[in-house]
Structures are given as structure tokens and as C-alpha cells.
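Residue strings, one per chain:
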Amino acid sequence: MEVPVLSQDCSAAAFRRIYHKFRAVILRPSKTGSGPAFGFSDLQRLHLQTRAGDSTFVSPGSFTLETSSASAPQKETHNRGTAARGSKREAVLCRKRKHTTGSGPTSSSELLGARSIPKSNWYASFIVQGGQALDTLLASIPLVAPPCLSDARARHHRAVWWFIGRNSSRTALAGRPEHTDDIAHDGTWHLQVNGTKEWTIRPTDEWFGTRTTRQSHRGPVRILCEPGDILCLHTGKWWHSTQIPTQSGPDHLSISYARDFVLCDRETGDVVGKSDDEGEEATMTNIDGLFTTSFVHAGTIILTEESMPECELPVSNEPNCEVCESEDGVMCLVATKDIASGENLTIAKD
């Protein structure tokens, strides 16, 4: 399967038609060039400008060091659960890791407030959201939204995700393991500002089961984004991971940013689906937890106490798991409902 490619000046109708079918589209610049005129020094300037105004540019707690040259290679954490009531069903899990340790920057201030770019190889991300900091950023970045997703065509969450990596080595620098995003949206568009980034995507079990994706192979699909390219992707329907190839130029930097969007009704301009940002400021962040990598049926024992990794499960008003004791006296985490692949595991509030 190849991801469809459209021009960035395509009509909203053309974009919707293709995106509705695949939930993945690459928007390429209509003219070849060096990409948007925005760089690392511009982010530093905005960081210092916001601090001078007694505000915070980067959302507290959102900075994540995806990986660095001093980090051990990241591996997915897989745990196979034993089936409940003699069933042969299994649950395969993956842990969302908040960060790795290494020689890269450990905070947004260390990254954006430094006099020079950290010279090791590293891959970091952070979020700018809400308030004056976001308004200042949106007035400065080269693209607030692609034309086919602007104005009444889509609503955007009040947050901008940034991904910055430096790689002067001969091998690619991998980010976090393959994952999906648990956000109420219709998709996310990623603009590659400087350097390059390689994506690897494949459909979730549910999306693969649709008529559209059954007509092609299951993946994975690799996409190389270059300056000016925009990847529009439903990050809840596609498993995805990224890596920073060897970067040319004096700084060896790859820079991209992303915004989540919800499509609007073409007639009324109203939001069609539910948004995490309806009527209020959204609070986006990276989390540390567990999610499924395949469909899990209700009643499946997902984990036992011996195999539970060291992370706390989020609580929810609509949990999908519960902790209980099996017939042989072993504490287990059991699915209380069918759980789609990529869904976070949650338990009830006390």
C-alpha cells in the first residue's frame, strides 16, 4: 500500500474524499523549495520572549526525551496474558514510555534556553498549549493549518506538538516504540519544517478490517517527510513510529510540528465528531501506561501479578479492566469489556 499524495493547494472536497477512505494523506508543496522559513533560533526567540513576559512557553510536564545517543535501544514491552475460563484468547500489551535517559537535553529550558544546540544525538518533543504562549506561537509559525483544513473546514485543538532531533551519526535515531494515540480527533497533521523524518505506519486491527484497507496489504508503510511535506494521519487508526535519519547541514537538525483536528460539517460548519477541545482549553501530555496491540475480548485475563510491569494504570469513569483474584488465588487484571487495539487500559476510581 502507498499513502495517497495530494498537492497542498488541493480543495477541501478532494482532501475529504481521499482522507475519508484511507485516514492517511501526504500533502506535498505545489512548488519545490527549501521548506518553511522557520528554524530552531525562532523557537529559542519565542521561548525567551514568553519567559520575559512572566509566562511559560512549553506546557509543564510535556517535555519528553524520546531517545538519545547514550540511551539503551528502546524495546516494546510485551506481556502475554493467560486466558480466562480455559479460553485460548491472549492479550498482547505494550507500555507507553514517557522518556529515556541519556546525554540529550533533559528539559525545555535546557534545550531552548541554551546558547548552543546540544551536540550529542537526541530526539525530543514538547507541547505548547493554551493562553498567550500558544497565541504568540500561532502568530509566528509558517502554517497554522493547511488550506484544506482551515477556517470552517476543521477545528483544531489548542495545542501544537513539537518534535526536534539532532542526528550526525551514520545510523537513524529511533523515537518511541510503535504506538497509537488516545485522542478524540479526526486526525493529526505534521509539517516537516527542517531536515527529514521517516515514519513507519500500519493499520490497527479495526482499521485493517474495513473494506478500504482489506483491498491492500497490511503494511508496514514507510514514509520519508522532507521540508514542506505535511503528513495527515489518524493516529488512533494507524500504528506509527518515527526515526530521524542522518541529517545534513551544520546543525544536523530535524524539526516538525503537529496539530490535532476535527472535521466540520460542510454545510453548517459545526464539529461533526467529539473533540477533546470542545469549548475549553485542552490539556495534552505524554503518559506512562499500558495499551493493547491487538483486540481483547471481555473476560480475558490480561496480566497476572507476576507479569505486571512497574507502572500505574490510569483511572477512568468508564474503565475497561478490573483487578480480581483468580480461582487459584492469583491477582489478575481482567478485561471487563471488549478492548480495541491501541486502547489504553484503565481501572475504576476507588
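A short tour of the structure in this document, coming up. Only a predicted model underlies this, so the values are computations on that prediction, with no experimental measurement involved.

Quick word on the overall build of the chain
- In terms of helices and strands, the chain carries six helices and 20 strands.
- Scored against the burial criterion, the 350 residues of the chain give a buried share of 51%.
- For the chain, contacts bridging at least 24 residues in sequence account for 79% of all contacts bridging at least 6.
- Accessible surface for the chain amounts to roughly 16,800 Å². Of this, 47% is attributable to carbon and sulfur atoms.

Here we look at the sheet that holds strand S19 (residues 331-335)
- Strand order in the open sheet formed by three strands is S16-S19-S18, and the pairing between neighbours is antiparallel. The open sheet is flanked by strand S16 (301-304) and strand S18 (321-325), the only strands paired with a single partner. Across the sheet, the mean angle from the axis of one strand to that of its neighbour is 30°, orientation sign disregarded.
- In terms of strand pairing, S16 meets S19 through three bridges, oriented antiparallel.

Section: the pattern of salt bridges
- Taken as a whole and assessed by the stated rule, the structure comprises five salt bridges.
- Residues Arg158 and Asp135 are paired through a salt bridge, measuring 3.1 Å at the closest nitrogen-oxygen approach. One end of the pair, Arg158, is in the loop between strand S6 (154-156) and strand S7 (159-166); the other, Asp135, is in helix H4 (residues 131-138), and 23 residues separate them in sequence.
- Taking relative accessible area as the criterion, Arg158 reaches 23% and is therefore assigned partly exposed.
- On the accessibility criterion, Asp135 (36% relative accessible area) is partly exposed.
- Taking the shortest distance from any N to any O, the salt bridge between Arg202 and Glu178 comes out at 2.8 Å. Of the two residues, Arg202 sits in strand S10 (residues 197-203) while Glu178 sits in the loop between strand S8 (173-174) and strand S9 (187-194), which places them 24 residues apart along the sequence.
- On the basis of relative accessible area, Arg202 is assigned to the partly exposed category, the value being 24%.

Some remarks on the pairing of S19
- Summarising burial for S19: four of the five residues are buried, a large majority.
- Both S18 and S19 contribute to a ladder of five bridges, which runs antiparallel. Bridging from a neighbouring strand, Cys321 pairs with Ala335 of S19.

Here's the deal with the environment of Pro203
- For Pro203, the location among the structural elements is in strand S10.
- A sequence separation of 35 residues divides Pro203 from Trp238, and the C-alpha atoms of the two residues are 4.4 Å apart.
- For Pro203, the residues in contact, after removing those within four places along its chain, are Phe208, Arg218, Lys237, Trp238 and Trp239.

Considerations on the side chain of Ser256
- With respect to the element layout, Ser256 can be found in strand S14 (residues 253-263).
- A relative accessible area of 1% means that Ser256 is categorised as buried.
- There is a polar contact of 3.0 Å between the side chain of Ser256 and the side chain of Lys197.

Thoughts on the packing of aromatic side chains
- In the structure shown here, the tally under the stated rule is five aromatic pairs.
- Seen in terms of ring centroids, Tyr19 and Phe261 are 5.8 Å apart; in terms of plane orientation they differ by 55°. Their pairing is tilted. In this pair, Tyr19 sits in helix H1 (residues 12-22) while Phe261 sits in strand S14, placing the two residues 242 residues apart along the sequence.
- Given a relative accessible area of 1%, Tyr19 falls into the buried group.
- Summarising the aromatic geometry, the rings of Trp162 and Tyr257 are spaced 4.8 Å apart at their centres and angled 45° between planes, so their arrangement reads as tilted. With Trp162 in strand S7 and Tyr257 in strand S14, the pair connects residues that are 95 residues apart, well separated along the chain.
- The exposure class assigned to Trp162 is buried, which follows from its relative accessible area of 0%.

Re unusual backbone geometry
- A positive phi is found at Arg23, a non-glycine position, where the angle reads about 60°.
- Its place among the elements puts Arg23 in the loop between H1 and strand S2 (24-28).
- Positive phi, close to 55°, is recorded for His252, a residue that is not glycine.
- Tracing the chain through its elements places His252 in the loop between strand S13 (238-244) and S14.
- The exposure class of His252 is partly exposed, given its relative accessible area of 22%.

Here we look at the side chain of His234
- Mapped onto the elements, His234 comes out in the loop between strand S12 (230-233) and S13.
- Excluding its chain neighbours within four sequence positions, the residues that come into contact with His234 are Tyr19, Arg23, His185, Asp186 and Gly187.

Cut-offs used in this document
- Residues numbered from 1 in each chain as written.
- Predicted model: local features only at pLDDT ≥ 70, side-chain atom pairs only at ≥ 80, totals over all residues.
- Heavy atoms only, no water.
- Helix = DSSP H or I, 4+ residues; strand = E, 2+ residues; numbered from the N terminus.
- Buried < 20%, exposed > 50% of the residue type's maximum accessible area, 1.4 Å probe, protein only.
- Contact = heavy atoms within 4.5 Å.
- Areas by Shrake-Rupley, 256 points an atom, 1.4 Å probe, with all protein chains shown as cover.
- Pairing = 2+ DSSP bridges.
- Axes fitted to C-alpha atoms, helices over the stretch in contact; angles between N-to-C directions.
- Salt bridge = Lys/Arg side-chain N within 4 Å of Asp/Glu carboxyl O.
- Polar contact = N/O pair within 3.5 Å; in protein donor to acceptor, adjacent residues only side chain to side chain.
- Phe/Tyr/Trp six-rings, centres within 6.5 Å; stacked < 30°, edge-to-face > 60°.

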